[in-house]
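# Fold and geometry: a report
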Amino acid sequence: MTDKTSNQMWGGRFAAGPDAIMEAINASIGFDQRMAAQDIAGSRAHADMLAATGVLSDSDAAAIREGLLTVLSEIETGQFVFSTALEDIHMNVEARLKEIIGEPAGRLHTARSRNDQVATDFRLWVRDQMDAAMAGIAALQRGFLAQAEAGADWVMPGFTHLQTAQPVTWGHHMMAYVEMLGRDHSRFADARARMNESPLGSAALAGTGFPIDREMTAKALGFDRPTANSLDAVSDRDFALEYLSCASICAMHLSRFAEELVIWSSAQFRFVKMSDKWSTGSSIMPQKRNPDAAELIRAKIGRIFGANVALMMVMKGLPLAYSKDMQEDKEQVFDAADNLMLALAAMTGMVGDMTANRAAMQAAAGAGFSTATDLADWLVRALGLPFREAHHVTGTLVGMAEARGCDLPDLALEDMQSVHAGITADVFGVLGVENSVASRMSYGGTAPAQVRAQVARWKDRLG
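Now for a quick tour of the structure. Please read these numbers as outputs of a predicted model, since none were measured by experiment. Along every chain, residues carry numbers that run from 1 in the direction the sequence is written. The model is predicted, so local features are restricted to residues of pLDDT at least 70 and side-chain atom pairs to those at 80 or more, both for listing and for counting; the totals for chains, interfaces and linings are taken over all residues. Excluding hydrogens and water, the side-chain values take into account all heavy atoms of the structure.

Quick look at the overall build of the protein chain now. Of the regular secondary structure elements, the protein chain holds 19 helices and six strands. Dimensions along the principal axes, computed over C-alpha positions, put the protein chain at roughly 100 × 55 × 40 Å. Residue contacts are counted whenever heavy atoms from the two residues lie within 4.5 Å of one another. Counting contacts in the protein chain only where the partners sit at least 6 residues apart, residues at least 24 apart contribute 74% of the total. Methods summary: accessible areas were calculated by the Shrake-Rupley approach with a probe of 1.4 Å, and residue burial reflects only the protein chains presented. When the accessible area of the protein chain is evaluated, it comes to approximately 21,000 Å², of which 55% is carbon and sulfur surface. Separation between the mean location of the 42 positive side-chain charges and that of the 56 negative ones in the protein chain comes to 1 Å. By the criteria applied, helices consist of DSSP H or I runs no shorter than four residues and strands consist of E runs no shorter than two, each listed in order from the N terminus. Positive: Lys, Arg. Negative: Asp, Glu. His and the chain ends are not part of the count. Charged groups are reduced to one reference atom each: NZ for lysine, CZ for arginine, CG for aspartic acid, CD for glutamic acid.

Listed below in structure tokens is the structure:
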């Protein structure tokens, strides 16, 4: 089979084939060949159903099934020659099937159209990508869990506005991403359940008069049921948009942690050390260890966001049912899926290899008056002050410590009593960062005991 193969799809309507420009803009084989396995799986299921319903003879169906396996083998081993003249993966496969088995190949397309064929192929491909994404997310969650378990009681600063706020534990920070990724996983699972309906048998747009069994093909392809409206089935790309939406949110979470790695691995923070696997040096500055993998993840996320917007733009003005615009539905989804899986794999590697600098984190946790809230809370609990008054007293003490160039625990009791006479020596029991994190025992809090409980819950959930 060569690019010179005659294109017979349009029958006698056109006296001559399209010129080179039309061929180039019309062809999708350059990218939709990635759906070859899904296309052949759909065709094999369709052939089995046609034989079971008496539309196709058993001998023709057997020849088709075997021929399709030969085509798949040729594609997988790189022997198959794709033709732009044949436009897409469907016609490339069908043309090669005819070369292999002859006339029975022409009966395969009975009771279907390329419209329901591509809708089915694309659903199968996106469904596979959802499964891959969920597996990748679970692997990354396990990496964060290992970090959280190892550092459940390691103290570090918690930030708001990238300013020191309150002490937290390294384990608590790691578990925040486990939770985010858990929601990402659930979004993919939810979208997968919603899209798991088979368009096959919807034909061009109105269904078919042949006595087909759509339940049979749906079951054979792992769908829960056939789609209920043929117009919707051939023109729906919601499933791809949902995939891109889920991928975009997941990618955003990856980008947030990538940004933290860039900050934390800097000489100014030194919270983490990235392994040589995920860092590069500078061509002229020998001291540099650049977090390139994290930065590339942070940048690649834009391609996933862009794919989501691009497909929205393709679909927003299309009347029912199929329009050729929808050929532009795949390239951006393919690219987004590639980049999401690459980002997940790279992030899993980085999280597994990174080393937290416990000493640097602990030193930073005690700076910046990070236990000021603990002082205010103690004033409320021990002295019964209204929180607003406790906030004012604490602010005054912070100003005093700042003026003296020290931290709150370094103030003398007499200094504190000059601001509020009721303060006792017991206050120093809440001002250390370890005491601070240990006291945060509310459900979901940063206390090591709470972190370990959440780690155990997630380890059980992930298996």
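Resuming the write-up.
On the surface, Leu205, Leu231 and Leu320 cluster together into a nonpolar patch covering about 270 Å² of accessible area. Tracing the chain through its elements places Leu320 in the loop between α11 (292-315) and α12 (331-353). You can call Leu320 exposed: its relative accessible area is 63%. Here, patches come from residues exposed beyond 30% relative accessible area and free of salt bridges, joined within 9 Å for like charges and within 5 Å for nonpolar side chains (Val, Leu, Ile, Met, Phe, Trp, Tyr). We define a salt bridge as a contact between a side-chain nitrogen of Lys or Arg and a carboxyl oxygen of Asp or Glu at a distance within 4 Å. Each residue is placed in one exposure class: buried if its accessible area under a 1.4 Å probe, protein chains only, is under 20% of its type's maximum, exposed if it is over 50%, and partly exposed if it falls in between.

Once that is clear, we can look at the packing of aromatic side chains. Here the aromatic set is Phe, Tyr and Trp, taking the six-membered ring for Trp, and pairing holds for ring centres within 6.5 Å; pairs whose planes are under 30 degrees apart are stacked, those over 60 apart are edge-to-face, and all others are tilted. One pass over the structure, following the stated rule, counts 13 aromatic pairs. Pairing Phe188 with Tyr243 gives two aromatic rings, centres 5.7 Å apart and planes at 50°, and the pair type is tilted. Placement of the pair is Phe188 in helix α7 (residues 170-195) and Tyr243 in helix α10 (residues 238-264), with a sequence separation of 55 residues. A relative accessible area of 0% means that Phe188 is categorised as buried. Residue classification places Tyr243 among the buried residues on the basis of a relative accessible area of 0%. We call a charge positioned over a ring when the NZ of a Lys or the CZ of an Arg lies within 6 Å of the ring centre and within 35 degrees of the ring normal. Taking NZ or CZ as reference, Arg127 lies 4.9 Å from the ring centre of Phe223, over its face. Taking the ring centre of Phe122 as reference, the NZ or CZ of Lys330 above it sits at 5.4 Å.

By the element assignment, Thr120 lies in helix α6 (residues 114-150). Side-chain polar atoms of Thr120 contact the backbone oxygen of Asp116, separated by 2.7 Å. The residues contacting Thr120, other than those within four sequence positions of it, are Pro199, Leu200, Leu221 and Phe223. Polar contacts, as counted here, are pairs of nitrogen or oxygen atoms within 3.5 Å of one another; within protein the pair requires one atom able to donate a hydrogen and one able to accept it, and residues that are adjacent in sequence qualify only if both atoms are side-chain atoms.

This structure, assessed with the given rule, holds 26 salt bridges. The shortest N-O distance in the salt bridge between Arg114 and Glu87 comes to 3.2 Å. On the criterion of sequence distance, the pair formed by Arg114 in helix α6 and Glu87 in the loop between α4 (58-76) and α5 (89-101) is long-range, its members being 27 residues apart. Residue Arg114 is classed as partly exposed on the basis of its relative accessible area of 23%. On the accessibility criterion, Glu87 (4% relative accessible area) is buried. As a salt-bridge pair, Asp374 and Arg440 come within 2.7 Å of each other at their nearest N and O atoms. Here Asp374 is found in helix α14 (residues 372-383), whereas its partner Arg440 is found in the loop between α18 (433-439) and α19 (448-462), with 66 residues between them in sequence. The class of Asp374 is buried, set by a relative accessible area of 4%.

Quick look at the pairing of strand β2 (residues 163-169) now. In this sheet, β2 lies alongside strand β1 (residues 155-160) in antiparallel orientation, the contact comprising six bridges. Counted as the bridge partner of Val155 is Thr169 from β2. For two strands to be treated as a pair, DSSP must find at least two bridges joining them. Following β1, the chain reverses through two residues before pairing antiparallel with β2; His161 in that reversal takes a positive phi of roughly 60°.

Turning to the environment of Ile25, a few remarks are in order. With respect to the helices and strands, the residue Ile25 is situated in helix α1 (residues 20-26). By relative accessible area, which is 63% here, Ile25 ends up exposed. Each C-alpha atom of the pair Ile25 and Gly171 lies 53 Å from the other, and the pair is 146 residues apart in sequence.

Next up on the list: unusual backbone geometry. Here the residue pair Leu320 and Ala321 is connected by a cis peptide bond, since its omega of 5° sits within 30 degrees of zero. With respect to the helices, strands and loops of the structure, Ala321 is situated in the loop between α11 and α12. At Glu87, a position not held by glycine, the phi torsion is positive, near 70°.

Below, the discussion takes up the packing of α14 against helix α15 (residues 387-404). The geometry of a pair of packed helices is captured by two quantities: the angle between their axes and the separation between those axes. Axis angles are defined between N-to-C directions and span 0 to 180 degrees, where every axis is a line fitted to C-alpha atoms and, for a helix, only to the segment in contact. At their nearest, the axes of α14 and α15 sit 8 Å apart, and the two run at 135° to each other. Taken together, the axis directions place α14 and α15 in an arrangement best described as oblique. Along this stretch, α14 crosses α15, giving a crossing that reads as right-handed. Judged by residue contacts, Ala372, Leu375, Ala376, Asp377, Leu379 and Val380 of α14 engage Phe387, Ala390, Val393, Thr394, Leu397 and Val398 from α15. Each residue belonging to the contact of α14 with α15 can be placed in one class, and the counts come to 10 nonpolar, one polar and one charged. Roughly parallel covers angles under 35 degrees, roughly antiparallel covers those over 145, roughly perpendicular covers 65 to 115, and oblique covers all other angles. Each helix crossing is assigned a hand: it is left-handed if the near helix lies turned anticlockwise from the far helix by less than a right angle, otherwise right-handed if that turn is clockwise. Residue type decides the class: Asp, Glu, Lys and Arg count as charged, Ala, Val, Leu, Ile, Met, Phe, Trp, Tyr, Cys and Pro as nonpolar, and the leftover types, Gly among them, as polar.

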